[in-house]
Every structure is written in structure tokens, then in C-alpha cells.
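# Understanding the architecture of this molecule
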Amino acid sequence: MRFVYADNAATTAVSENVKNAILPYLTEQYGNPSSLYSFGQTAFRAVEKARQQVADALGAKKEEIYFTSGGSEADNWALRAAAKLGEKKGKKHIISTKFEHHAILHTLAALEKEGFKVTYLDVYENGIVKTQDVENAITDETCLVTIMYANNEIGTVQPISEIGKICQSKGVLFHTDAVQAVGHIAIDVKEQNIDMLSLSGHKFHATKGVGALYCRKGILLENLIHGGAQERGRRAGTENVPGIVGLGVAITDMTAHLEENAKKVSALRDRLFEGASKISHSRINGDRESRLPGNFSMCFEGVEGESLLLMLDMKGVCASSGSACTSGSLDPSHVLLSIGLKHEVAHGSLRLSLGEYNTEEDVDYILEVLPPIIERLRDMSPLWEHIMEEEAKKNA
Ligand SMILES: *Cc1c(COP(=O)(O)O)cnc(C)c1O
């Protein structure tokens, strides 16, 4: 049986280059970057080189990059720090959207308990926030706008440059969770007026457990971990040297090949859309154009997402659904509900996220196994039976 990994939005394979770059730091180069002897300084230089690489990829300065344990940590840190700065000025209003990652939504919920007010903007049927809504929501009390660069479930890319412009003109901090975007679409934090940005290595072929927060110079970033002087004293603890080295290599490789990767991956994705759209009672989730190159998201009526995933797994296909299966609840994801899908439709969702290592054969294999699986699930579904009965009545 074929094995097809089509869940690159969840995590990606470590690249050969990253693996090779990391290896010395897992073996002979085990020095502590804080040690003054040259053995330690080798590790220090490797960390600083990676910091420069991350900065270069984002159009930032080296001293604006803080390494973290990943995207969730960077999100938590950015929001907490911005809220603290706002509080000092008596500003306790934050603007975000309804379909952020839980690292954002749950941090905002915690801040709400601490007296902050949060406006969650609509993302409409196409899964894209309206710039005008951002502008309208900003008040004298607003200290932060946090809007994701690209959505992790439906792949829609937000008008980040326009939002950045508005925030700058209004003097409001702008943070973006760019975990799904970095390494996949071009970003320039200066040109786009982004004040803070979160990224995560394992979404673009570095290892898990390493990420970064970009924080514009001049913004006082609250300490996250007290202790040593690492990360300019803001996040203490001996650095994850291999992870950081890999992050630097991965982001450099990805930004050097952005266009060709996007072209290749989006062609595969379009082939998937074209094939899967032939399945009756199906719909594409989110805007078809303003979308991450590798993101495929569709709903199939009369199908139960979890069963669909299990059956794809039996065929060797790693996929994801929007249903909140991890939380043990049967509620469809907040993302699919945010674009106005009814519960029963959102239940039949499928996300396939393609990456640079996928092939046409992978796509053709998915298109071969998917339609019969959906047919089988519909044959067993009382909901599908109901849909068919209703249609028959209408046509009678
Ligand atoms: C994966 C992801 C995160 C979390 O990143 P981790 O490194 O796994 O903590 C945050 N935001 C978005 C949009 C993501 O896709």
C-alpha cells in the first residue's frame, strides 16, 4: 500500500539539509553557547547565525528575533507582552478574529478573565477578514490587533499589509500568527508594518519544539522566563542549539525557493480540487484564490469527518478534519463555523495539506481512494438518506 503524507499543516518532515546541519550539534558540538571558551562559542556563533537567517527571511533585524519552543509559545508571549504594555497606558481592548489558532484564542480568553475586552471579527464566508472591519473596531482603548497570516484549517491568507498600514496609522500594535505562512509565502515585516510575528520550525521542515517571535525594536517585550541572559535576558534557559540551527537552515532554504515551491505545490493542490470537486454534494471551504499553496479544504455532505479520516488512514493517507476530535468533543471546528457552515455540513470536512515532498502520484492515489470511501460512508449514513429524501421531495 502507498503511504501519502498529506497533513503538512500539522507538521512536516525534517529536510535532509536540516538533518545534516543539526547532526554536529547533537554529537561533537555540544558546547553551551553561554560558555566563554571557544568550544562554547562555536555553539554561540551557530545560534547567532540562525538568528540572522531568520531575520533575513523576514526582513527584520537580528536583534528583533527571539527563539522560543514553537508557535504556541511565541503567540502566548506576544499577546501577554502587548497586553501588559496596553495595560500600562490604560488601554485594555484587543482586536482579533473568530478563527485564530487556539494558542491565540485561549490566551485571549485568559486575558478576558483579567479584565481585557476582546473584539472577535467576522471572517465571512470566504474566510477573509475585512480591512474596514479592523479599522472600524479600533478605539482609543485598543492596544493590540492580532490576526493570523493564514488560517491553518482552510488556508485563507489575510490582507496583512493593509491591516498593518491601518494599525500603524492608528498607533496600535499589530501581531500576526504567521505559523502557516512563514516558509510558504513571502513576508516582509517592515514593508508590511508588522510589529510582532510568531513562527514555528516544524511547519517548514525544521524540527518540532523550536520557533521564534519577531518583535520590532522599540517595543518593550516583557520577560517570559526569568533566569540567565539568553535571548537578551527575556527568555532565560540554555538554548535549543540543534533546533535553532535547523530553524535557520530551514527558513533560508524555504525562502530561497518560495516561488518554485508555491508553483509546484499549488499545482498539486489544484489537481486535488479539480478531482474532488467532481464528488457530488461537496464544497470548497474558504476563498479559492487568497489561499496557501498547499491547502485543500472541502466538505462532503452526509459524511462524518472522523470516519473519513479513519478510512483514509486504512488506505495509507494521512489527512485531517476540521472536527475538534482532539478535544474529545463532537463539535465541528470553530473555523468552519466561523465561515458560516452548518454543523452537519462542517462535520464532513476534510483538510489535505500538501508540501514540497508530495508528488502527482500522491494526488492521483488520493483521488483514486477518496470517492469510493465517501460513497461507502454515505451508504451507511442516515443523514445522507435524509438529504436524498429531501431532494427527491423537491424534485417530485
Ligand atoms: C501549528 C500552529 C501553531 C502552533 O505551533 P507549535 O509550534 O506547534 O506550538 C500556532 N498557530 C498556527 C496557525 C499553527 O498552524
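Described below are features of the structure shown in this document. (Residues numbered from 1 in each chain as written. Predicted model: local features only at pLDDT ≥ 70, side-chain atom pairs only at ≥ 80, totals over all residues. Heavy atoms only, no water.)

Taken together, 13 residues lie around the ligand, and S72, D177, Q180, S200 and K203 are the ones closest in. S72 places a side-chain nitrogen or oxygen 2.7 Å from an oxygen atom of the ligand. Side-chain polar atom of H202 to an oxygen atom of the ligand: 3.0 Å apart, as the coordinates give it. Coverage of the ligand by the protein amounts to 86% of the 380 Å² it exposes when considered alone. Tallying contributions element by element places helix α3 (residues 71-88) first for the shell around the ligand, with three residues. Considering only residue class, the shell around the ligand consists of two nonpolar, eight polar and three charged. (Near = heavy atom within 4 Å. Polar contact = N/O pair within 3.5 Å; in protein donor to acceptor, adjacent residues only side chain to side chain. Areas by Shrake-Rupley, 256 points an atom, 1.4 Å probe, with all protein chains shown as cover. Helix = DSSP H or I, 4+ residues; strand = E, 2+ residues; numbered from the N terminus. Nonpolar A, V, L, I, M, F, W, Y, C, P; charged D, E, K, R; others polar.)

For E100, the location among the structural elements is in the loop between β3 (93-97) and α4 (102-113). Look at E100: it is buried, it has no salt bridge, and the nearest opposite charge is K98 at 12 Å. A polar contact is formed between the side chain of E100 and the backbone nitrogen of M148, at a distance of 3.0 Å. Discounting chain neighbours no more than four positions away, the residues touching E100 are L105, T146, I147, M148 and H334. (Buried < 20%, exposed > 50% of the residue type's maximum accessible area, 1.4 Å probe, protein only. Lys, Arg positive; Asp, Glu negative; His and termini not counted. Salt bridge = Lys/Arg side-chain N within 4 Å of Asp/Glu carboxyl O. Contact = heavy atoms within 4.5 Å.)

Put simply, helix α8 (residues 258-276) and helix α12 (residues 360-379) touch, their axes get as near as 10 Å, and they point 15 degrees apart. With respect to α12, the element α8 is oriented roughly parallel. α8 and α12 meet at a crossing whose hand is right-handed. Residues L268, R271, L272, G275 and A276 of α8 pack against E360, V363, D364, I366, L367 and L370 of α12. (Axes fitted to C-alpha atoms, helices over the stretch in contact; angles between N-to-C directions. Parallel < 35°, antiparallel > 145°, perpendicular 65-115°, else oblique. Left-handed = near helix turned anticlockwise from the far one by under 90°.)

With 21 residues, helix α2 (residues 38-58) ought to run about 30 Å at 1.5 Å a step, and its terminal C-alpha atoms sit 30 Å apart, in line with that. When α2 is considered as a whole, its buried residues turn out to be G40, A43, A46, V47, E48, A50, R51, Q53, V54, A55, A57 and L58. Along its buried surface, α2 packs onto α1 (16-26), β2 (65-68), β7 (196-200), β8 (211-215) and α7 (241-256). Directly beyond the C-terminal end of α2, a positive phi value near 75 degrees is found at G59. (Expected span 1.5 Å × (residues − 1).)

With 65 residues, the main nonpolar core has L58, V145, I187, L197 and L199 as its most contacted residues. Beyond its immediate chain neighbours, meaning those up to four positions away, V145 contacts I95, V134, I138, I163, C167, V172, L173, F174 and H175. (Core = buried A, V, L, I, M, F, W, Y, C linked by side-chain atoms within 4.5 Å.)

Glancing now at the pairing of strand β10 (residues 295-300). Most of β10 sits inside the fold, with six of its six residues counted as buried. Along β10, one buried face is formed by N295, S297 and C299 and the opposite face, lined by F296, M298 and F300, is buried too. As judged from the three bridges shared by strand β9 (residues 282-284) and β10, these two strands associate in the antiparallel manner. When the bridges of β10 are listed, S282 appears paired with F300. (Pairing = 2+ DSSP bridges.)

The quantities given are spatial measurements derived from coordinates; they are silent on function.
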